Amino acid sequence: MNSLIYSIVNNLYNLTIAQLINGDVIAAAVFLMPYVLFFEIPWTLFIFIGLIKYKLNRLREGERRPYFPAVSFLITCYNEGRDIEKTVISLTEQLYPGKIQLLLVIDGASINVETMRAAKTMEGWVNGHSNRSMLILPKWQRSGVVSSSNLGLNFATGKIIIKVDGDTSFDNNMVERATRHFEDDSVVAVSGCLRVRNANETLCAAFQAIEYFLAIHSSKTALSEFNMVNNISGAFGIFRREVLDLVEGWDAGTAEDLDMTMRIKNYFAQSQKKFRIVFDPEAICFTDVPDSFAKFFKQRIRWEGDYPFILFKHYHTINPRLMGWGNFFGILINIFTHIFIPAMVFVYTIWLLFEYRIDFVIALLAAVYLFYFFLLTVIYLISVVLLSERKESDLSRLYLLPLMPFFQFAAKINSLVAILWELVGAGHKDSSMAPWWVLRKNKF
Amino acid sequence: MNNKIYRLNLGGELLAHPDFLDGSYNSVNAMLEANKVPAIVLIDGLTPEDDNVVKAMFNAVCQLRRSEIFYAAPIYLTKSMGKLDVFTDGVGITKEEVLPNASKIIFRMEKLSMATNAVNDDLRLLTFLYCREDGYALSPLALTVSPWIYEYPAAFFIGGFAEQSMQSAYHFGLVSDKYPSKTPLQSSAEWVSSLAAQGFLVEAGLVDRIRLCPHCHTGSMNYIDSCPACGNIDFSKKKMIHCFTCAHVAAEEDFRNGMLLMCPRCNVTLRHIGSDYDRPVEAYSCNSCGERFIEPEVKADCLNCRRKSATEDLEVRQLYNLAITAKGKRAVQLGVIDVEFSLFDSNHNVLPLYFYQVADWLLQMKNRYSDEDFSLLCIKIVGLEAVENRAGMAQFKNLIDELGQRIRELVRVTDITTSTGENTFWVLLPRTPQVGGEILASRIEKLSDMVSPEAGARINMYVKCFSISAEYAGSGPVAQGLLSEYEDTMLDVR
């Protein structure tokens, strides 16, 4: 064992210095590839700068001005049953002084009796609150989440539309945080922060809690500072009503959230207007994530598989002159992280195993791992200090950080599988978001 | 059968066919002057849309029911006046529609002396019921303009309550606490229930139950929730918050910190309902005295006298359909109604006429057998109205019951009682010489000290013993005349 470790360390040393001096370009490339490919240092720096910028702006924010537009929630429900009570309660309990309208669109209400009943029992309670109202919109025949959102839009009276899933719940200052950005006319939408509700239940959920915190809470806060937010989550998106009217609601097909973001971006870029999508890390939504690895990988196959589908749909508009350089870079980074990196990592690892001795490969991967772990820990700690409103809870998961690189690597391989599946088998039509008889009519 | 049908023309379109009419009048007065025999009245020329006609119709029914002859007469409308139809016997324009029922009423009326029965409102109402078919019942009607909410339509008109309501401001709701006390019987509902208590009417089904102000006995109550500490109605809901971190429970406002909730005790920010905090209860806080309470106190605020009462203190009135009893029918047939307040139990209480006969008979006995003596006690009760007005009908009845109970303890089973006026009662004591009667008289008189309702109102009983001299015997019935003479001497004591 000791000799193996010695051999690994020795190999590592020899490789770095010796290979570079010797001018063995291919060998050097093998070694440097992870660093170059993963562009992790500039990315981490970028996040760090964004977070500092956010923190300074946030400290200067000052008192809330008396701007309290009416808010309508489109709550898309399916078979959540009594879980929708949590959603309804946490929205009714918002500390927001303005009007809040809850529109519960229940898809397939004739079969989802339990959900329907739970909604009915909440109706009186909600309407008994001042400035809170609730309307149940039962769609007796199941027809998918997109039509639920578009149906709800017909009944919405608010100036701000917040689309949420039926099994989410919210911090009581969420609406207050979310709405304040709309006082600025150029803000068309606000992306809310998703957190994991069942983080303490399983190891898999805890990993996802860390992942959500890094990929959403921390990264999007930073991206938002440079106006590079590129997606508004389908589980939790906040829109200016006029903008939804302009793009005429959500479009049929899966990944409607990403699609909506793209269309908003395109619309504003085409009309040469300044616009912003803001991410607010304090507008917090809690959601349950898959509690087993099997369910997790299945969910990711669906999500990641949707990405190339949306790019394909919008390929003619992916152009810096049409959508602006910031957004264009955002898309490029996305393509890079979603398609290029998973493919690269996979091919690279396989190639390494074929081409080099096992101790050399292990040494190289160990170096990559240590590098990753270091960056991960740094950015996690910085984010907890600067951003987290639940520091104790986030720090309680620190012991999982050493395992995080493996989790992420597995997720990336999974992404690759998803993309291959998409390209081969048109997986986006294999979505649980709408029944097949609706999806088959979609153009894409 | 010779049923006369008269038309009362109120000026609108005439619908009744003139062929079967025996007369047509343009006013109630003209009809009453021309006819001294009861007949069927058809109110014709109605236009329900015209307020003046509606008023005229209402007035006509008032006048007819208050008259000497027509108070029990069948009154029909030739056109429906909607809700007002219940004030009459029905709607009809042809003989077939009107006669079957109306002729029965007339038939019964003809057997009675309408004028004799008209002297007393109680008797008039009983006569009205007597003339209707068996099974006819007075039904309570909710009248929103009435301060007592429910009225019995027939009693409403016959008792003059309708007339009163036209004169007073009562349909504007401007009744004061003085208004109901103008008449000793406050509403038609109260009147008929007192007749029922006296046994002239019997309950024939419960219709409704209402609650009245215990002070002024009217029924427009506003049930208002108020602070249990100071009674102020200005209070607001206070949401309570329970902090999971330190278990602190306080009103939401204590937790409010700008746009966040922060526990004032442990300084933790409460972000998520269900995981950081919950709402244990909804409480109220008085904006006047600051009292915190879970349930506001509901008080009944009387819109008439503006006195607030606890809901359990309200006067409960059960409203029944009421039908005439055998006793009521007998009173109608004899034309006499004994006002007795059930002071004496009915076994010994007789109608005055019978009382006089017994007295005359005893006088003959006394004349014939020297050892046969008897005395008469006259009891006059003064102050009953004052007690009734002050304490209300319910308490008044209790008082009378108590008084009756005590008197009955003193009176022997062989004694016969009657009452000749509202407050005048007679006791016939057979085989009792004047001395014995005087003793009893003084005992009964002392009862007035024992029975006194509240401070301020007091009942006084004056009792006097009379003995009829044997020399009056033989000159025919003298008791009635003598008794009224004796009664007059009682006037001095007032």
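Heads up: the structure comes first, above all this text.
Residues numbered from 1 in each chain as written. Chains lettered and ligands numbered in written order. Predicted model: local features only at pLDDT ≥ 70, side-chain atom pairs only at ≥ 80, totals over all residues. Heavy atoms only, no water.

Asker: When you look at the overall build of chain A in this model, what are you seeing that I'm missing?
Answerer: Secondary structure assignment for chain A yields 17 helices and eight strands. Residues classed as buried in chain A amount to 55% of the 444 residues present. In chain A, of all internal contacts separated by at least 6 residues, the share reaching a separation of at least 24 is 82%. (Helix = DSSP H or I, 4+ residues; strand = E, 2+ residues; numbered from the N terminus. Buried < 20%, exposed > 50% of the residue type's maximum accessible area, 1.4 Å probe, protein only. Contact = heavy atoms within 4.5 Å.)

Asker: What exactly am I supposed to notice about the environment of A:F182 here?
Answerer: Residue and element names in this part refer to chain A. Assignment of secondary structure puts F182 in the loop between α7 (174-180) and β6 (187-196). A C-alpha to C-alpha distance of 8.4 Å links F182 and I160, two positions 22 residues apart in sequence. Discounting residues that sit within four places of it in the chain, F182 has contacts with Y67, I160, V187, V188, A189, V190, I238, F239 and R240.

Asker: What exactly am I supposed to notice about the sheet that holds strand β1 (residues 5-9) of chain B here?
Answerer: Within a sheet, each strand pairs with its neighbour through backbone hydrogen bonds, oriented either parallel or antiparallel. Residue and element names in this part refer to chain B. Spatially, β2-β1-β3-β4-β5 is the arrangement adopted by the five strands of the open sheet, whose pairing is parallel. Looking at which strands have only one partner, the edges of the open sheet turn out to be β2 (23-25) and β5 (90-91). Of the strand pairs in this sheet, strand β3 (residues 40-44) and strand β4 (residues 75-77) are connected by three bridges, and their pairing is parallel. Across the sheet, residue V41 finds its bridge partner in β4, namely I75. Against the sheet, helix α2 (residues 51-66) engages β1, β3 and β4, with an angle of about 165 degrees to β3. Together, β1, β3 and β4 form the strand contacts of helix α3 (residues 95-110), whose direction differs from that of β3 by roughly 135 degrees. (Pairing = 2+ DSSP bridges. Axes fitted to C-alpha atoms, helices over the stretch in contact; angles between N-to-C directions.)

Asker: Help me out: how do you make sense of a nonpolar patch on the surface in this one?
Answerer: All names here are of chain A. A cluster of nonpolar residues, I41, L45, F48, I49, I52, L56 and F226, forms a patch on the protein surface that exposes about 590 Å² of accessible area. Position of F48 relative to the elements: it lies in helix α3 (residues 40-59). The exposure class of F48 is partly exposed, given its relative accessible area of 33%. (Patch = residues over 30% accessible without salt bridge, like charges linked within 9 Å, V, L, I, M, F, W, Y side chains within 5 Å. Areas by Shrake-Rupley, 256 points an atom, 1.4 Å probe, with all protein chains shown as cover. Salt bridge = Lys/Arg side-chain N within 4 Å of Asp/Glu carboxyl O.)

Asker: Honestly, the packing of aromatic side chains in this entry has me stumped. Any pointers?
Answerer: Aromatic ring pairs are described here by two measures, namely the spacing of the ring centres and the angle between the planes. Across all of its chains, the model carries 27 aromatic pairs over all chains by this definition. When the ring of B:F161 is compared with that of B:W191, the centres are 5.9 Å apart and the planes differ by 45 degrees; the resulting orientation is tilted. Here B:F161, found in helix α7 (residues 161-167), pairs with B:W191, found in helix α8 (residues 188-197); they are 30 residues apart in sequence, far enough to count as distant. Given a relative accessible area of 7%, B:F161 falls into the buried group. With a relative accessible area of 3%, B:W191 lands in the buried category. Within the aromatic cluster, the residues linked to one another by ring pairs are A:F207, A:F293, A:F296, A:F297 and A:F407. Cation over ring: A:K53 sits above A:F226, and NZ or CZ is 5.4 Å from the ring centre. Lying across the ring of B:F374, B:K366 places its NZ or CZ 5.7 Å from the centre. (Phe/Tyr/Trp six-rings, centres within 6.5 Å; stacked < 30°, edge-to-face > 60°. Lys NZ or Arg CZ within 6 Å of the ring centre and 35° of its normal.)

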